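Summary of the model geometry
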Amino acid sequence: MSPVVPPPAVALGVLLPVLVVLAAAAVVLVLDVLPPRDSKAHLGGVALAGIIGALLAIVMRWGTDARAFRDMVLLDTYALYFDLVICYAAALIVMFSMDYLGRTGSESGEYYSLLLFSTAGMMLMASAGDLIVVFLALELMSLSLYVLAGFFKQRLTSGEASMKYFLLGAFASSFLLYGIALIYGATGSTNLDRIAAAAATRNAEPMVLIGLAMMLVGFGFKISSVPFHMWAPDVYEGAPTSVTAFIATGSKAAAFAAMIRVLVVALRGAQPDWSALLWALAALTMTVGNVVALAQSNLKRLLAYSSIAHVGYMLMGLVAGGGPGPGAVLFYLLAYTFTTVGAFGAIALCARAGEEAVEVSDYAGLARRHPVLAATLALFFLSLIGIPPLAGFVAKFYLFGAAVRAGYIWLTVIAVLNSAVAAYYYLRVIVYMYMREPDGEPVAVAPSLAGGLALTLAVAGIVILGLMPAPFADLAQVAVAPLLR
Amino acid sequence: MELAAFTLIALIALGSALGLILKRNAIHGALFLVVNLGSVAALYLTLGAEFLAAAQVIVYAGAIMVLFVFAIMVLIPGKEETGPDPRRPLRWVALPAGALLLAQVLVILVGTRGPTPVGSPAPGGVEAIGRLLFTDYLFPFELTSVLLLAAMVGVLLLARRRT
């Protein structure tokens with residue numbers, strides 16, 4: 001008989017923020033089958049409490065630099081920063097969901113538990129120190145989101161969104177997995193640090209480069225960069241608006257977190273190669289996103305293309321590299337998350353003739369009937385354009401600055417031209433809200449206490465980030481420091 | 001020798017994969033998939049991963065394929081019965097072939113009586129994998145269970161009828 005294997009050290013403290021979220025998901029699942037069976041409103045409260053608990057755990061753990069489970073899980077400031085962004089997005093989305101689901105008559109415990117499961121997956125993507133964990137966490141996040149996209153079963157577009165997202169997502173995941181397998185084959189490890197050490201001696205090995213390209217396809221799908229963006233408009237349009245907000249922010253932040261860590265830590269030796277690839281992807285993504293957005297009449301599709309364009313800007317930061325580049329991306333993600341969650345949340349509050357108000361023309365005359373909501377929505381759009389003194393301006397400023405300092409003048413010129421193009425379609429929505437009169441029934445706004453609170457938080461976020469960005473920019477720089485050792 | 005085995009098995013795997021995609025008949029496609037999964041299991045064997053090969057056969061070629069064929073039979077009724085069997089005369093070959101197989105199994109069963117060999121665990125064996133699963137890969141193992149739970153909740157949500 002062989003000797004007993006000593007049990008491995010289990011350091012649950014490193015997992016604390018994720019465990020809090022998963023525990024909340026389990027509690028929601030159990031409470032779902034207990035009375036009261038006809039009202040599920042309290043489950044949203046439980047989910048929110050779980051996310052706030054996770055936020056507290058993140059703040060408590062700030063500054064630690066721990067690793068556990070044989071370097072599979074890392075808890076450094078980088079992971080904690082992303083946990084913060086993801087949990088903020090999740091908290092705001094739960095608040096928007098409470099009344100949104102109640103209004104559409106589809107409240108259920110599974111919604112909140114799946115939302116929490118995908119949140120946990122996203123947080124683990126930011127903490128992953130091993131490609132296997134990257135993949136599993138990505139699948140945990142994606143599987144939950146595939147189901148959530150099809151949550152409105154009575155709506156055909158919702159089912160279509162779910163099916164499309166699932167099929168294309170599975171396809172992209174297999175690319176990622178194939179890339180991981182090739183990199184494992186070339187370097188003999190899936191651990192990020194050991195890959196870096198093994199790859200340092202043999203850089204231009206074709207197997208590493210092919211693996212890198214395949215992983216970029218997988219990540220490129222999740223962040224919806226061109227040419228892997230085809231799913232985004234259909235899924236954003238068909239999915240419940242609250243879920244769309246999460247797909248547009250949380251899943252993007254998580255995919256960026258994993259991608260930046262893999263590129264900057266494990267494949268730092270191949271930086272010239274991936275930097276050149278990302279240059280082309282960035283230019284293509286922002287241009288296609290902005291140009292196609294010009295032609296959209298559906299507000300959710302418009303925001304889908306706008307989010308694609310923003311991914312293009314963020315890829316610039318990765319191209320720029322060094323410390324300031326990724327740091328600017330992290331700051332941009334924070335500003336983008338607040339703005340986009342807020343914009344989708346405001347849309348979720350609006351309805352016209354019993355349907356969700358998703359056409360741009362639905363918003364005609366919103367300013368006269370609901371001046372506060374119109375002003376809020378206008379603020380979000382102005383921030384997305386990048387008008388000072390809002391968060392979007394500062395974020396773009398840091399990002400473009402990092403690119404210029406790294407010598408990527410042409411890429412920055414393309415980005416600035418793109419920002420000018422983007423102003424047109426955002427302003428068009430504002431023109432509709434303020435200067436047009438509705439033909440037929442005007443848009444109605446559902447009263448929602450939690451939704452209002454979430455909107456207030458989002459607006460406060462973009463104004464504070466815009467007015468005093470320095471502490472948050474420092475935070476982002478501190479967060480990328482663990483990657484650059 | 002190894003290269004020849006690999007080439008042969010890989011060709012079978014690729015051919016059956018193509019057959020799966022190109023066949024219009026769903027049952028034929030499913031049978032090609034069985035061949036494909038079996039040849040991938042054989043590839044695992046040539047790499048010395050016995051456990052993986054066994055798991056592949058049991059889980060994929062066994063359980064999942066039965067489900068596949070079952071679903072096809074249930075969802076496309078009538079398609080599998082297309083008139084009288086064109087290869088009716090071949091039925092007479094079945095009896096001797098079956099008898100031959102039975103004889104083979106009996107010979108093997110009788111011939112391999114004896115003490116089981118004892119040695120250090122093979123690198124691809126069950127023990128080595130179990131060891132890795134509960135030490136180095138404990139966290140991915142646990143994460144997979146969360147993933148399966150989320151998938152289960154999702155399936156229940158999508159499959160449940162709206163009341």
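Just so we're clear, the structure is a prediction, and the values are computed from it rather than from any experiment.

Remarks on the overall build of chain A
Secondary structure assignment for chain A yields 19 helices and 5 strands. The C-alpha radius of gyration of chain A comes to 22 Å, within 12% of the 23 Å expected for a compact globule of 485 residues. Counting only C-alpha atoms, chain A reaches 75 × 60 × 40 Å along its principal axes. Taken across its 485 residues, chain A has 62% of its residues classed as buried. Within chain A, contacts between residues separated by at least 24 positions form 80% of all contacts whose residues are at least 6 apart in sequence. In the structure as shown, chain A presents an accessible area of about 16800 Å², 71% of it carried by carbon and sulfur atoms. In chain A, which carries 25 positive and 25 negative side-chain charges, the distance between the mean positions of the two groups comes to 3 Å.

Section: the packing of aromatic side chains
The relative placement of two aromatic rings is captured by the distance of their centres and the angle of their planes. All names here are of chain A. Inspection of every chain in the model, using the stated rule, returns 24 aromatic pairs over all chains. Relative to Phe152, the ring of Phe151 has its centre 6.0 Å away and its plane inclined at 40 degrees; by these criteria the two rings are tilted. Under the relative-accessibility criterion, Phe152 is labelled buried at 1%. Following the ring pairs from residue to residue traces out a cluster consisting of Tyr146, Tyr165, Phe166, Phe221, Trp231, Tyr236 and Phe344.

Some remarks on the confidence of the model for chain A
Regions with low pLDDT should not have their predicted coordinates read in detail. Per-residue confidence for chain A averages 91 on the pLDDT scale, and 98% of its residues sit at or above 70. The spread of mean pLDDT over the elements of chain A runs between strand β4 (residues 355-356) of chain A, the lowest at 80, and helix α5 (residues 131-149) of chain A, the highest at 96.

Topic: helix α6 (residues 138-159) of chain B
Taking 1.5 Å as the rise per residue, α6(B) with 22 residues should run 32 Å; its terminal C-alpha atoms sit 32 Å apart, in good agreement. All buried positions along α6(B) are accounted for by Leu138(B), Phe139(B), Pro140(B), Leu143(B), Val146(B), Leu147(B), Ala150(B), Val153(B), Gly154(B) and Leu157(B). Those residues of α6(B) hidden inside the fold are in contact with α1 (16-32), β2 (73-75), α4 (109-127) and α5 of chain A together with α5 (126-133) of chain B.

Concerning helix α18 (residues 449-467) of chain A
All names here are of chain A. Taking 1.5 Å as the rise per residue, α18 with 19 residues should run 27 Å; its terminal C-alpha atoms sit 27 Å apart, in good agreement. Looking only at α18, the buried set comprises Ala450, Gly451, Ala454, Leu455, Ala458, Val459, Gly461, Ile462, Leu465 and Gly466. Check the buried side of α18 and you find it contacts α3 (77-104), α13 (324-349), α15 (371-385), α16 (391-405) and α19 (470-480). Its side-chain oxygen placed 2.9 Å from the backbone nitrogen of Gly451, Ser448 serves as the N-cap of α18.

A word on unusual backbone geometry
All names here are of chain A. The residue after Val226, namely Pro227, is reached through a cis peptide bond having omega 5 degrees. Pro388 connects to Pro389 through a cis peptide bond whose omega is 5 degrees. Its location among the elements puts Pro389 in the loop between α15 and α16. A positive phi is found at Arg70, a non-glycine position, where the angle reads about 55 degrees. Secondary-structure assignment places Arg70 in the loop between β1 (66-68) and β2. Its identity is not glycine, yet Asp71 carries a phi of approximately 65 degrees, on the positive side. By secondary structure assignment, the location of Asp71 is in the loop between β1 and β2.

A closer look at the confidence of the model for chain B
Residues and elements named next belong to chain B. Averaged over every residue, the pLDDT of chain B is 84; residues scoring 70 or more account for 85%. The secondary-structure element of chain B with the lowest mean pLDDT is α5, recorded at 83, while α6 shows the highest, at 93. Among the prediction metrics, the complex's ipTM stands at 0.91, with pTM recorded as 0.90.

What counts as what
- Residues numbered from 1 in each chain as written.
- Chains lettered and ligands numbered in written order.
- Predicted model: local features only at pLDDT ≥ 70, side-chain atom pairs only at ≥ 80, totals over all residues.
- Heavy atoms only, no water.
- Helix = DSSP H or I, 4+ residues; strand = E, 2+ residues; numbered from the N terminus.
- Rg over C-alpha atoms; globule rule 2.2 N^0.38 Å.
- Buried < 20%, exposed > 50% of the residue type's maximum accessible area, 1.4 Å probe, protein only.
- Contact = heavy atoms within 4.5 Å.
- Areas by Shrake-Rupley, 256 points an atom, 1.4 Å probe, with all protein chains shown as cover.
- Lys, Arg positive; Asp, Glu negative; His and termini not counted.
- Charge placed at Lys NZ, Arg CZ, Asp CG, Glu CD.
- Phe/Tyr/Trp six-rings, centres within 6.5 Å; stacked < 30°, edge-to-face > 60°.
- pLDDT = per-residue confidence, 0-100.
- Expected span 1.5 Å × (residues − 1).
- Polar contact = N/O pair within 3.5 Å; in protein donor to acceptor, adjacent residues only side chain to side chain.

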